[in-house]
Amino acid sequence: MKYSLLSTLFFLSVLSAKAQNVSDLPAGKYEAKIKSAQNKWEKGDIIIIDDTHYKLSSGGDIGEYKFSVAAQRIFFTSGPLKSAFTKMTLANGKPVIILPIEQNGSLGLTAEIWASKQ
């Protein structure tokens, strides 16, 4: 009985964890805000142009990226966010790009940035 209950709980936790995975990164505007203050990010919003290109709304510099479903990360290979560390999650069923402060000190971040699909 204990084994079946434990197995059921484990199975349900695995299902709920997988439900938070982002399976694709649709093109469009991702409104970037400072998570703690909910103010807009001074560098602008992240605009995903297509499957490999992006730009920030504050400038015209276009960069390239690769999205990894397995790693739940975006790898910015050029442009204004080159080498930025990101994580992906879902909020209200929409993809969110997270720029954690701990890993992005070289970008001059002073707070964690959340960019959500509009």
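Residues numbered from 1 in each chain as written. Predicted model: local features only at pLDDT ≥ 70, side-chain atom pairs only at ≥ 80, totals over all residues. Heavy atoms only, no water.

## Things to note about the overall build of the protein
And step 1. Helices and strands together make up the secondary structure of the protein, namely one helix and eight strands.
And step 2. For the protein, the sequential pattern of α-helices and β-strands runs α-β-β-β-β-β-β-β-β.
And step 3. The buried share among the 118 residues of the protein stands at 31%.
And step 4. Carbon and sulfur atoms form 57% of the exposed surface of the protein, whose accessible area is close to 7200 Å². (Helix = DSSP H or I, 4+ residues; strand = E, 2+ residues; numbered from the N terminus. Buried < 20%, exposed > 50% of the residue type's maximum accessible area, 1.4 Å probe, protein only. Areas by Shrake-Rupley, 256 points an atom, 1.4 Å probe, with all protein chains shown as cover.)

## Considerations on empty space enclosed by the protein
And step 1. Tallying each qualifying case throughout the model produces one cavity of 30 Å³ or more.
And step 2. Within this model, the largest cavity holds a volume of roughly 50 Å³.
And step 3. Taken together, Ile34, Trp41, Glu42, Gly108, Leu109, Thr110, Ala111 and Ile113 form the lining of the largest cavity.
And step 4. A per-class count over the lining of the largest cavity returns five nonpolar, two polar and one charged. (1 Å grid on protein atoms, 1.4 Å probe; cavity = no way out; pocket = protein on both sides within 12 Å on 5 of 7 lines; lining within 4 Å. Points joined across faces, edges and corners; volume = space filled by probe spheres on them. Nonpolar A, V, L, I, M, F, W, Y, C, P; charged D, E, K, R; others polar.)

## Side note on the pairing of strand S7 (residues 94-99)
It is a general feature of regular strands that their side chains alternate between the two faces of the sheet.
And step 1. Counting buried residues in S7 gives five out of six residues, a clear majority hidden from the surface.
And step 2. Examined bridge by bridge, strand S6 (residues 87-91) and S7 share five bridges and lie antiparallel to one another. Bridging across to S7, Met88 finds its partner in Ile97. (Pairing = 2+ DSSP bridges.)

## Quick look at the pattern of salt bridges
And step 1. Evaluation of the coordinates by the stated rule reveals three salt bridges.
And step 2. Residue Lys29 pairs with Asp45 through a salt bridge whose shortest N-O separation is 3.4 Å. With Lys29 in strand S1 (residues 28-34) and Asp45 in the loop between S1 and strand S2 (46-48), the pair connects residues that are 16 residues apart, well separated along the chain.
And step 3. You can call Asp45 buried: its relative accessible area is 3%. (Salt bridge = Lys/Arg side-chain N within 4 Å of Asp/Glu carboxyl O.)

## As for the side chain of Gln72
And step 1. Along the chain, the position of Gln72 falls in the loop between strand S4 (62-68) and strand S5 (73-76).
And step 2. What makes Gln72 buried here is its relative accessible area of 10%.
And step 3. At a separation of 2.6 Å, a polar atom in the side chain of Gln72 contacts the main-chain amide nitrogen of Val22.
And step 4. Look past the residues within four positions of Gln72 in its chain and what remains in contact with it is Gln20, Asn21, Val22, Lys87 and Met88. (Polar contact = N/O pair within 3.5 Å; in protein donor to acceptor, adjacent residues only side chain to side chain. Contact = heavy atoms within 4.5 Å.)

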